[in-house]
Amino acid sequence: MPPSASNPDAPRNAFPDVAAAFDNVAVAFEGVAILDAVTASVPRGGCTAVVGPNGAGKTTLLMALLGQVPFQGNVRIAPLPDGRPPRIGYVPQRLQFDRGLPLTAGDFLVMGTQRSPLWWGTRAHHRDAARELLRAVKAEPLERRRLGALSGGELQRVLLALALQRNPDLLVLDEPAAGVDVQGGYLFCELLERLRRERGFTELMVSHDLGTVAHHATHVILLNRRAVAEGSPGAVLTPPNLMAVFGAHMGLLDAHGLAHSRLPCCQPKEGAP
């Protein structure tokens, strides 16, 4: 059995500047190593981006944090400064559902708070709360749109609104801009940055867009089954580090060693860890 992904009994000031930490985390599926002795940290209050090629174990690292895969080593989720365990929100890369369902975006959000079935009607305060969440992610016009008719970018905003429903202290996102064009990805990350500053949560996201990471992240974990480098974007996204991880496919770099475009070798693949 894996060790617990959280440690609510940790001393209150054990990790004053760290929201989460990975200590020698290893994951293997059917004898194949997915993560190998990963040690890295997620600074409190910032935006930490996990980057690396396909098969590097980025999503698996998030799943270990959320306690969804067995692992060796230790994953520590630090208590808040006042000693309370943090609330965690999660935005998946994709949502599997029947797109023919007669379910609106507003109904979808109401389901997260209302205990009675939707066909019994929805209470006004639940509907108002859902509308407020959509407004927070700049998606209020989607309230009456059928969930299955939403574009990839629109659905990601609804999933973000659902994650914010818990008022998270730690927000975990797996490829939040997947299926969104480059401009849409930048706008989504700008929205996340504003929400993070307003609400004070720590952000941990997997991303394949190094340009967006360089512009928005405050901390980067460069992963290829092991943590190859960790630190500020400028210190981590350097030509030597990127060449070591991505090889000849790392794309064009500017004078600062930051990628101009999405890397072909980092495009998300169905079922890739």
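Turning to unusual backbone geometry, a few remarks are in order. Although it is not a glycine, asparagine 24 adopts a positive phi angle of roughly 50°. For asparagine 24, the position within the fold is in strand S1 (residues 18–29). The backbone of glutamate 30 sits at a positive phi, close to 50°, despite the residue not being glycine. Note that glutamate 30 resides in the loop between S1 and strand S2 (32–43).

Inspection of the entire model under this criterion finds 13 salt bridges. We note a salt bridge from arginine 76 to aspartate 23, for which the minimum N-O separation is 3.1 Å. Placement of the pair is arginine 76 in strand S4 (residues 72–77) and aspartate 23 in strand S1, with a sequence separation of 53 residues. A salt bridge links glutamate 193 to arginine 197; its shortest N-O distance comes to 3.5 Å. In this pair, glutamate 193 and arginine 197 both sit in helix H5 (residues 182–199), 4 residues apart, roughly one turn of the helix. Classification of glutamate 193 as partly exposed rests on a relative accessible area of 24%.

Next up on the list: the environment of phenylalanine 246. Within the element layout of this structure, phenylalanine 246 appears in helix H8 (residues 239–246). For phenylalanine 246, a relative accessible area of 7% gives the class buried. Through-space distance from the C-alpha of phenylalanine 246 to that of proline 53 is 6.3 Å; in sequence the pair is 193 residues apart.

Now for the nonpolar core. The biggest cluster of nonpolar side chains holds 45 residues, and the ones touching the most others in it are Val158 and Leu160. Per-element accounting of this core gives the leading share, 7 residues, to helix H4 (residues 152–164). Among residues more than four places away in sequence, those in contact with valine 158 are Ala105, Phe108, Leu109, Leu134, Leu142, Leu147 and Leu150. By size, the runner-up hydrophobic cluster in this structure holds 25 residues, among which are Val50, Met63, Ala64 and Ile221.

Read from one edge to the other, the open sheet built from 6 strands follows the order S5-S6-S7-S3-S8-S9, with strand pairing classed as mixed. Edge positions in the open sheet fall to strand S5 (88–91) and strand S9 (226–231), since each of these has one partner strand only. Across the sheet, the mean angle from the axis of one strand to that of its neighbour is 15°, orientation sign disregarded. Bridge count for strand S6 (residues 170–174) against strand S7 (residues 202–206) is 5 bridges, and the pairing is parallel. In the strand pairing of S7, valine 172 is matched with leucine 204. Along the sheet, helix H1 (residues 58–65) contacts strand S3 (47–51), S5, S6, S7 and strand S8 (219–224); its crossing angle with S6, the most-contacted strand, is approximately 150°. Running at roughly 170° to S5, H4 makes contact with S5 and S6 of the sheet.

Our next topic: the pairing of S9. For S8 and S9, the ladder comprises 5 bridges, and the chain directions are antiparallel. Bridge pairing in S9 links asparagine 224 to arginine 226. Taking the residues that link successive antiparallel strands as the turn, the S8-S9 hairpin has 1 residue, and the phi of arginine 225 there is positive, at about 70°.

Next up on the list: the sheet that holds S2. The sheet built from 3 strands is open, its strands ordered S2-S1-S4 with antiparallel pairing. Whereas interior strands pair on both sides, the edge strands pair on one side only; in this sheet they are S2 and S4. Each strand axis lies, on average, 15° off the axis of its neighbour in the sheet, ignoring direction. Relative to S2, S1 runs antiparallel, the two being bridged by 8 bridges. Paired with alanine 20 across the strands is valine 42, a residue of S2. The strands touched by H1 within the sheet are S1, S2 and S4, with S1 carrying the most contacts at an inclination of about 115°.

Attention now goes to H4. The terminal C-alpha atoms of H4 lie 18 Å apart, and with 13 residues this matches the ideal 18 Å at 1.5 Å per residue to within 8%. Of the residues making up H4, those classed as buried are Leu155, Gln156, Arg157, Val158, Leu159, Leu160, Ala161, Ala163 and Leu164.

Relative to the helices and strands, histidine 208 is located in the loop between S7 and helix H6 (210–216). Polar contacts involving the side chain of histidine 208 include one to the side chain of glutamate 175, which spans 2.6 Å.

Definitions and limits used
- Residues numbered from 1 in each chain as written.
- Predicted model: local features only at pLDDT ≥ 70, side-chain atom pairs only at ≥ 80, totals over all residues.
- Heavy atoms only, no water.
- Helix = DSSP H or I, 4+ residues; strand = E, 2+ residues; numbered from the N terminus.
- Salt bridge = Lys/Arg side-chain N within 4 Å of Asp/Glu carboxyl O.
- Buried < 20%, exposed > 50% of the residue type's maximum accessible area, 1.4 Å probe, protein only.
- Core = buried A, V, L, I, M, F, W, Y, C linked by side-chain atoms within 4.5 Å.
- Contact = heavy atoms within 4.5 Å.
- Pairing = 2+ DSSP bridges.
- Axes fitted to C-alpha atoms, helices over the stretch in contact; angles between N-to-C directions.
- Expected span 1.5 Å × (residues − 1).
- Polar contact = N/O pair within 3.5 Å; in protein donor to acceptor, adjacent residues only side chain to side chain.

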